[in-house]
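Here is what each chain is made of, one letter per residue.
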Amino acid sequence: MNTEVATLDPKLCPDCPPLPENLEQRLRDRLYLDALRSAKQNWRTRLALGLALIGPGVLVMLGDNDAGGVVTYAQTGATYGLGIFLPMMILLGFVAYVVQEMTVRLGAVTRRGHAELIWKRYGAFWGWFSLIDLVVANVLTLMTEFIGIRLGGQALGLSAWLTVPASLLFITYVLVFLRYWTWERISLFIAVFNLIFVPLALFSHPNWHAVAQTFVGHGWIVPGGFLSLTFLILISANIGTTIAPWQLFFQQSCVVDKGLLPQDIRAGRRDLMLGIIGMVLVAMAIIILAAQTLKGVPNVQNVDADMVLHVIRSKLGDGMMALFALGLMEAGLIASIVITASSAWAIGEAFDIDRSINTPPRKAIGFYLPAILGTAVAAIAVMIPNLPLGFLNLSVQVIATVFMPAAMLFLLMLLNDRELMGDQVNSPRRNAVSIAIMVGLIVCNSLYGVATLFPHAFGG
Amino acid sequence: MKHLHEFDPADIRRLIEREGWEKPLAPVQRVHLTTRQQAVFWGLRIYVVVMTAVVVWAFLHGAAG
C-alpha cells in the first residue's frame with residue numbers, strides 16, 4: 001500500500017488530514033463498527049456489532065475444515081471409530097487457538113501482514129523460503145479442495161468439467177471483484193454451510209453413550225499401537241488439517257485488511273474461538289459419521305471422498321449422500337476462497353505492492369493474478385484421471401505439518417519482538433506452549449518418516 | 001452498509017484522528033538473525049527437504065503399490 005499518496009476525496013471530508021492510499025473502504029468499515037459501538041445498546045445493535053466483528057477467525061477455522069480435512073476426518077473415523085481422535089479434536093482446537101491468536105495480536109498491533117513482517121524484519125533471503133513454502137503448500141492444498149468439489153459434484157450428477165471451472169470462476173470473482181467487507185460477508189455465508197455435517201452425524205444415529213465415553217478414556221485402543229504407520233500418518237494429517245501455514249498468513253492479513261486495531265484484539269479472540277468451536281464440532285461430526293458408516297475399512301489409504309459418498313448412500317440413503325456431497329463441495333469452495341486470498345496477500349506483502357482486497361483489480365493486477373494462477377494450476381491438476389485421491393489427500397495434509405514448524409518459528413520470533421509488539425509481546429507461558437507444539441509437530445512427523453522408511457523400526 | 005459519503009465528515013475526521021489512520025505506519029527495521037537462530041532455521045530447512053522427500057516417496061510408493 002502506498003503510504004505517500006493521499007486519496008481520500010476532499011469532498012467527503014474537507015477538514016480531514018491526508019490519508020494513505022486505498023484506506024477509504026477500510027475507513028468505511030471502521031465507521032460502521034464505530035456507529036454500532038456508539039449506538040444505543042439493544043439486542044439488535046449488539047447482534048449487528050457481534051456479526052460485524054466476526055470474520056477472520058471464523059473464516060480461518062471453518063476454511064480449515066476443508067475438503068481435504070473432511071476426507072481426513074472420515075479416514076480417521078473409518079480407521080479408529082469412536083476412539084481417541086474424538087477427544088483429541090478438542091486438544092487440536094486448543095492448539096489452533098494458541099497458534100492463531102498470535103496472528104490476531106500481530107496483525108492488530110503492527111497493522112502489517114505476516115509475509116510483510118518476515119520480509120522486512122528478516123530480509124528477502126528468509127522471506128523467499130517462507131513464501132515458497134506457503135505457495136507450494138497452498139497449491140497442493142487447493143488440489144485437495146478441487147478434488148472435493150469434483151467428487152461432490154459428480155455424486156450430485158454434475159460433470160467435473162462444469163463444477164471445477166465454475167468454482168474457479170467463482171473464487172476469482174469474489175476475490176477480484178468484491179471489496180473486503182462484501183468478500184468477507186459472502187465468504188462467511190458460505191462458511192456457515194460447513195455445519196451441514198453436524199445434522200448428518202445426528203441422522204446417522206450414533207450411540208451417544210459410546211460417544212460420551214470416549215471423553216473419559218473408553219475406546220482409546222489403537223490397533224497396531226501408537227507407533228503404527230497408520231496412526232502416525234493419521235495423527236500428522238489431523239494436525240495438518242487443523243494448523244497449516246496458510247492459516248497464519250491468512251488470518252494476520254485478514255485482520256489487517258479488516259482494519260482491526262489493538263482495541264479489537266478481544267473481539268478478534270472471540271471471533272477465533274467461535275471459529276474453533278465450529279471447527280471442532282464439524283470435525284467430531286464427521287468422525288462420528290464415519291465411525292457409524294465406514295468403520296472397518298481395511299486400508300485407510302483407500303478411503304477417499306468417492307468411497308465415503310458411496311458408503312453413505314448405501315447405508316443412509318440418497319438424501320444423506322446428497323447432503324454430504326454438498327458439504328464436501330462447500331468445504332472445498334470456502335477453503336479455496338480463503339487459501340487463494342492468503343496467497344494473494346502473502347505475494348503482495350512480500351513484493352511490497354498493493355495488498356488489499358479493497359484495491360480494485362485495475363490497480364493491483366500483481367496482487368490478484370499470481371494467486372489466481374496458483375489456484376488455476378491446482379484446478380487443472382485435479383482433472384488428471386486416475387490420481388490416488390485418498391493417499392494424495394493424506395500426503396498433502398502431512399506436508400502442511402512439515403512446513404508448519406518453520407512458519408511457526410517466524411511467528412514466535414515476531415511475537416517476541418518488543419520493538420514491534422510493545423506490551424502485546426508473548427508471555428513466557430505462551431512461548432513454552434508454542435515451542436511444545438512445534439516440537440510435537442516435528443516428533444510426530446519424524447516418527448512418521450521413520451515408520452515409512454523402516455516399516456519394522458517400531459516392531460510393526 | 002452506508003457508503004463513505006453518507007457519513008458525517010466530522011465523524012470521519014474524529015475516527016481518523018482517534019484511531020491514527022492518518023499516521024504512516026512505523027517503518028520495520030531489518031534485523032539480522034543470530035548465528036544460533038540461523039542454525040535453527042537451516043536445521044528446519046533440512047527437516048523440510050528430508051520430510052518432503054519422505055512424503056513424496058511414500059506417496060509414489062503407496063500409489064504404485
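These numbers come from a predicted model, not from an experiment.

Caption draft 1: The overall build of chain A, seen in detail. Within chain A one finds 20 helices and zero strands. Whereas a compact globule of 460 residues would reach a radius of gyration of roughly 23 Å, chain A reaches 22 Å, a difference of no more than 12%. With the principal axes as the frame, chain A shows a C-alpha extent of 70 × 45 × 45 Å. Counting contacts in chain A only where the partners sit at least 6 residues apart, residues at least 24 apart contribute 82% of the total. Split by element, the accessible area of chain A, about 16700 Å² in all, is 68% carbon and sulfur.

Caption draft 2: Spatial organisation of the packing of helix 6 (residues 114–122) of chain A against helix 18 (residues 389–415) of chain A. All names here are of chain A. Direction vectors running N to C along helix 6 and helix 18 enclose 75 degrees, while the axes themselves pass 11 Å from each other. Comparing the axis directions of helix 6 and helix 18 gives the class roughly perpendicular. Taking contact as the criterion, the partners of His114, Leu117, Ile118, Arg121 and Tyr122 in helix 6 are, on helix 18, Ala407, Phe410, Leu411, Met413 and Leu414. Residues belonging to the contact of helix 6 with helix 18 are distributed by class as follows: eight nonpolar, one polar and one charged.

Caption draft 3: Quick look at the nonpolar core. Residue and element names in this part refer to chain A. One finds Trp183 and Phe250 to be the most contacted residues of the largest nonpolar core, which totals 167 residues. Of all the elements, helix 18 adds the most residues to this core, at 21 residues. The contacts of tryptophan 183, once residues within four sequence positions are left out, are Leu59, Val174, Leu175, Leu178, Phe250, Cys254, Ile337, Ala341, Trp345 and Ile357. Counting residues in hydrophobic clusters, the runner-up holds 15 residues, among them Leu12, Leu27, Leu31 and Leu261.

Caption draft 4: Just the interface of chain A and chain B, in detail. Each side of the interface is counted separately: chain A has 60 residues, and chain B has 44 residues. Where chain A abuts chain B, roughly 4900 Å² becomes buried across the two surfaces, and 77% of that area is made up of carbon and sulfur atoms. Interface area lost by chain A to chain B is led by Leu31, Arg111 and Trp126 of chain A, which between them contribute 14%. Where chain A packs against chain B, one counts three salt bridges. One salt bridge connects glutamate 19 of chain B with arginine 30 of chain A, and the closest N-O pair in it is separated by 2.8 Å.

Caption draft 5: Structural detail: the environment of threonine 172 of chain A. Residue and element names in this part refer to chain A. Here threonine 172 is to be found in helix 8 (residues 160–177). Through-space distance from the C-alpha of threonine 172 to that of threonine 375 is 9.0 Å; in sequence the pair is 203 residues apart. Once residues lying within four places of it in the same chain are set aside, the contact partners of threonine 172 are Phe177 and Ile372.

Caption draft 6: Expanded view of unusual backbone geometry. All names here are of chain A. Unlike most non-glycine residues, histidine 205 shows phi in positive territory, near 50 degrees. By secondary structure assignment, the location of histidine 205 is in the loop between helix 10 (197–203) and helix 11 (208–213). For histidine 205, a relative accessible area of 64% gives the class exposed. Even without being a glycine, aspartate 352 presents a positive backbone phi close to 55 degrees. Note that aspartate 352 resides in the loop between helix 16 (318–350) and helix 17 (365–381). On the accessibility criterion, aspartate 352 (47% relative accessible area) is partly exposed.

Caption draft 7: Structural detail: the confidence of the model for chain B. When pLDDT is averaged along chain B, the result is 87; 95% of the residues meet or exceed 70. Interface scoring of the predicted complex returns ipTM 0.91; its pTM is 0.93.

Caption draft 8: Highlighting the environment of threonine 72 of chain A. All names here are of chain A. Mapped onto the elements of the fold, threonine 72 is located in helix 4 (residues 67–80). On the basis of relative accessibility, which here comes to 0%, the residue threonine 72 falls in the buried class. Separated by 300 residues in the primary sequence, threonine 72 and isoleucine 372 have C-alpha atoms spaced 26 Å apart. With residues up to four places along the chain from it excluded, the contact list for threonine 72 reads Leu234, Ala237, Asn238, Asn393 and Gln397.

Caption draft 9: Expanded view of the environment of valine 211 of chain A. Structurally, valine 211 of chain A can be placed in helix 11. If near-sequence neighbours (up to four positions away) are discounted, valine 211 of chain A is found in contact with Leu82, Leu86, Pro206 and Ile288 of chain A.

Caption draft 10: Geometry of helix 13 (residues 245–258) of chain A. Residue and element names in this part refer to chain A. Compared with the 20 Å implied by 1.5 Å per residue over 14 residues, the 20 Å span of helix 13 between its first and last C-alpha is a close match. Burial analysis of helix 13 places 14 of its 14 residues in the buried class, the great majority of the element. Glycine 259 sits one or two positions beyond helix 13 and adopts a positive phi of about 85 degrees.

Caption draft 11: Layout of the confidence of the model for chain A. On average, chain A scores 91 in pLDDT, and the residues at 70 or more come to 97%. Low pLDDT, under 50, characterises residues 1–6 of chain A; the predicted model gives this stretch 15 contacts beyond four residues in sequence or across chains.

Caption draft 12: Fine view of empty space enclosed by the protein. All names here are of chain A. Under the definition given, this model contains three cavities of 30 Å³ or more. Around the largest cavity sit 13 residues that line it, and Ser130, Asp133, Phe403, Ala406 and Ala407 are the ones nearest its centre. Elements with a minimum of two residues in the lining of the largest cavity: helix 6, helix 7 (124–155), helix 13 and helix 18. Residue classes in the lining of the largest cavity are distributed as nine nonpolar, two polar and two charged. Of the volumes computed, that of the second largest cavity is approximately 60 Å³. In terms of lining residues, the second largest cavity is bounded by Asp64, Asp66, Thr141, Gly240, Thr241, Ala244, Trp246, Gln247, Val396, Gln397 and Ala400. Those elements that provide at least two residues to the lining of the second largest cavity are helix 12 (229–242), helix 13 and helix 18. For the lining of the second largest cavity, the leading source of residues is helix 18, giving three residues. Taken together, the residues that form the lining of the second largest cavity break down as four nonpolar, five polar and two charged.

The rules behind the values
Residues numbered from 1 in each chain as written. Chains lettered and ligands numbered in written order. Predicted model: local features only at pLDDT ≥ 70, side-chain atom pairs only at ≥ 80, totals over all residues. Heavy atoms only, no water. Helix = DSSP H or I, 4+ residues; strand = E, 2+ residues; numbered from the N terminus. Rg over C-alpha atoms; globule rule 2.2 N^0.38 Å. Contact = heavy atoms within 4.5 Å. Areas by Shrake-Rupley, 256 points an atom, 1.4 Å probe, with all protein chains shown as cover. Axes fitted to C-alpha atoms, helices over the stretch in contact; angles between N-to-C directions. Parallel < 35°, antiparallel > 145°, perpendicular 65-115°, else oblique. Nonpolar A, V, L, I, M, F, W, Y, C, P; charged D, E, K, R; others polar. Core = buried A, V, L, I, M, F, W, Y, C linked by side-chain atoms within 4.5 Å. Buried < 20%, exposed > 50% of the residue type's maximum accessible area, 1.4 Å probe, protein only. Buried area = accessible area lost by both parts, 1.4 Å probe. Salt bridge = Lys/Arg side-chain N within 4 Å of Asp/Glu carboxyl O. pLDDT = per-residue confidence, 0-100. Expected span 1.5 Å × (residues − 1). 1 Å grid on protein atoms, 1.4 Å probe; cavity = no way out; pocket = protein on both sides within 12 Å on 5 of 7 lines; lining within 4 Å. Points joined across faces, edges and corners; volume = space filled by probe spheres on them.

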